[in-house]
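Residues per chain are reported as follows:
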Amino acid sequence: MAIVRASTGTKRPFPSAGVIAASLAGAAVIALGIVFQHSLFRFVMSPRTPFQITTPPPPPEYGARGAWLLWPEAPSKAVDIFYVHSTTYYRRRRWNAPVTDDETDRIRRIIAAPNEAGPFLEIGDVYGPRYREATVYSLFTHKYDGLAARKLAYEDVARAFDAFLAARDPEKPLILAGYGQGGLHVLGLLNAYFQGEPNPLRRRLAAAYVIG
């Protein structure tokens, strides 16, 4: 037997003009945000002072353990891992982060390193430098400021890699790992240190993880 429900005859109230206007305004704001999202991102995240006239933070001294986010106390694993962390500096005060910034270092220690380097700790001795990473905005622009900030960050990573090579057993296998901006710098290391033959360092490279 079919059951037919009778209409109660109740009419839904039509939205008021104020509600309609508010909805349209909200939709317009969302649309403008989508259209101008790059400009908004640039306004919010771009440092206000050009790179050319800024004074970079002091460079890390990689002969000191304080310049290293990770450095094994007693290396004992079968493989060495050189790890470069992702972007952890999101402020717009500078083009490059000081390695002594407390908030940035907290993110490196409790978020970046455990999640990015943690999976490697069981298989090898992990070495991870602090470096004057480029601010997040510099990764989204090809203008001089962004290129210069990324170059400065890579130069730190390359100096750290030199210090790492000088301290390690050259006969041990080597793994490179980099995430986000760190992956970009690992690509730079691969191009600068592992090309051509004969290349003893290239023969020791077991893997390179370039993520994100």
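Residue positions are counted from 1 within each chain, in the order its sequence is given. Whole-chain, interface and lining totals are the exception, using all residues; otherwise, since this is a predicted model, local features are given only for residues with pLDDT of at least 70 and side-chain atom pairs are given and counted only at 80 or more. Side-chain calculation: all heavy atoms of the structure are included, whereas hydrogens and water are not.

The next subject is unusual backbone geometry. With an omega dihedral of 0 degrees, the bond running from Glu 197 to Pro 198 counts as a cis peptide bond. Counting from the N terminus, the helices are DSSP H or I runs at least four residues long and the strands are E runs at least two residues long. Within the fold, Pro 198 resides in the loop between helix 5 (181-193) and helix 6 (200-204).

Another aspect to go through is the packing of aromatic side chains. Working definition: an aromatic ring pair is given by the centre-to-centre distance plus the angle between the planes. Only Phe, Tyr and Trp rings take part, Trp by its six-membered ring, and two of them pair if their centres are within 6.5 Å. Stacked means planes under 30 degrees apart, edge-to-face means over 60, and tilted covers everything else. A full pass over the atoms with the stated rule returns 13 aromatic pairs. A centroid spacing of 6.5 Å and a plane angle of 80 degrees characterise the contact between Trp 68 and Phe 82, whose relative ring orientation is edge-to-face. In this pair, Trp 68 is assigned in strand 1 (residues 68-70) and Phe 82 in strand 2 (residues 80-84), connecting sequence segments 14 residues apart. The exposure classification of Trp 68 matches that of Phe 82, with both residues buried. A network of ring pairs unites the aromatic residues Tyr 62, Trp 68, Trp 71, Phe 82, Tyr 127, Phe 161, Phe 164, Tyr 193 and Phe 194 as a single cluster. Exposure categories follow from relative accessible area, calculated using a 1.4 Å probe and restricted to protein chains: below 20% of the type maximum is buried, above 50% is exposed, and the middle band is partly exposed.

Next up on the list: helix 5. An expected span of 1.5 Å times one less than the residue number is assigned to each helix. In this model, helix 5 (13 residues) spans 18 Å end to end at C-alpha, consistent with the 18 Å of a helix rising 1.5 Å per residue. The set of residues buried in helix 5 consists of Gln 181, Gly 182, Gly 183, His 185, Val 186, Gly 188, Leu 189 and Leu 190. The contact criterion used throughout is that any non-hydrogen atoms of two residues lie within 4.5 Å. Contact partners of the buried residues in helix 5: strand 2, helix 4 (144-167), strand 4 (174-179) and strand 5 (205-211).

Burial analysis of strand 4 places 6 of its 6 residues in the buried class, which makes it a mostly covered element. Side chains of strand 4 alternate between two faces, with Leu 174, Leu 176 and Gly 178 and Ile 175, Ala 177 and Tyr 179 buried alike. Between any two strands, pairing holds if DSSP finds at least two bridges. When strand 2 meets strand 4, the two strands line up parallel, connected through 5 bridges. Each bridged residue has a counterpart across the sheet, and for Val 84 the counterpart in strand 4 is Gly 178. Across 6 bridges, strand 4 lies against strand 5 in parallel orientation. Bridge pairing in strand 5 links Tyr 179 to Ile 211.

Only buried residues count toward a nonpolar core. Its members are Ala, Val, Leu, Ile, Met, Phe, Trp, Tyr and Cys residues joined through side-chain atoms within 4.5 Å. Counting 21 residues, the largest nonpolar core has Trp 68, Phe 82, Phe 161, Phe 164, Leu 174, Leu 176 and Phe 194 as the members making the most contacts within it. At the level of elements, strand 2, helix 4, strand 4 and helix 5 are the ones that each hand at least two residues to this core. The biggest single contributor to this core is helix 4, with 6 residues. Ignoring any residue separated from it by four or fewer positions in sequence, one finds Phe 161 in contact with Phe 82, Leu 174, Leu 176, Leu 189, Tyr 193, Phe 194 and Leu 201. Judged by nonpolar contacts, the second largest core, of 12 residues, contains Val 79, Tyr 83, Ile 175 and Ala 177.

Attention now goes to the pattern of salt bridges. Whenever a carboxyl oxygen of Asp or Glu lies within 4 Å of a side-chain nitrogen of Lys or Arg, that contact is scored as a salt bridge. By the definition in use, this model includes 14 salt bridges. With a closest N to O distance of 2.7 Å, Lys 172 and Asp 80 form a salt bridge. A residue pair is termed long-range when its members are at least 10 positions apart, and Lys 172 in the loop between helix 4 and strand 4 and Asp 80 in strand 2 qualify at 92 residues. Residue Lys 172 is classed as buried on the basis of its relative accessible area, which comes to 14%. Judged by its relative accessible area of 1%, Asp 80 falls in the buried class.

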